[in-house]
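Observations on the three-dimensional arrangement
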Amino acid sequence: MAKIFQHRLSDYLESLHLRMLLEKTANQECFTLQPVLMEYVTEKLIVAVTQELITGDFNL
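Calculation criteria
Residues numbered from 1 in each chain as written. Predicted model: local features only at pLDDT ≥ 70, side-chain atom pairs only at ≥ 80, totals over all residues. Heavy atoms only, no water. Helix = DSSP H or I, 4+ residues; strand = E, 2+ residues; numbered from the N terminus. Buried < 20%, exposed > 50% of the residue type's maximum accessible area, 1.4 Å probe, protein only. Contact = heavy atoms within 4.5 Å. Areas by Shrake-Rupley, 256 points an atom, 1.4 Å probe, with all protein chains shown as cover. Lys, Arg positive; Asp, Glu negative; His and termini not counted. Salt bridge = Lys/Arg side-chain N within 4 Å of Asp/Glu carboxyl O. pLDDT = per-residue confidence, 0-100.

On a plain count of helices and strands, the chain comes out with 2 helices and 2 strands. Seen in sequence order, the chain has helices and strands lined up from the N terminus as α-β-β-α. Reported as C-alpha extents along the three principal axes, the dimensions of the chain are approximately 40 × 30 × 20 Å. Of all 60 residues assigned to the chain, the portion counted as buried reaches 3%. A separation threshold of at least 6 residues defines the contact pool for the chain, and within that pool the share at least 24 residues apart is 0%. For the chain, the computed accessible surface area is about 5,500 Å², with 64% contributed by carbon and sulfur atoms.

Let's shift gears to the environment of Phe31. Along the polypeptide, Phe31 turns up in strand E2 (residues 31-33). Distance from Phe31 to Leu16, taken between C-alpha atoms, is 9.8 Å for residues 15 residues apart in sequence. Other than its neighbours up to four places away in sequence, Phe31 contacts Leu13, Glu14, His17, Leu22, Glu23 and Lys24.

This next bit is on the side chain of Glu52. Within the element layout of this structure, Glu52 appears in helix H2 (residues 35-55). For Glu52, which is buried and forms no salt bridge, the nearest opposite charge comes from Lys44, at a distance of 14 Å. Not counting residues within four places of it along the chain, the set of residues in contact with Glu52 comprises Asp57, Phe58, Asn59 and Leu60.

On average, residues of the chain carry a pLDDT of 86, and 95% of them reach 70 or more. In the model of the chain, helix H1 (residues 2-18) stands out as the element of lowest mean pLDDT, 81, in contrast to H2, which has the highest, 93.

Right, dumping it as structure tokens:
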């Protein structure tokens, strides 16, 4: 099961890389988000966490 998951995850990451949504690090061992996507995801995370802190409904 874990082997299948690792294989699929690898395929998904490579697919995102080919669509230019991810970048490989200098050593080619890791992926990172494109800067504009990182900014977008960070903004969404801040909004979600802020809302959870205000409501006390922790789901994240």
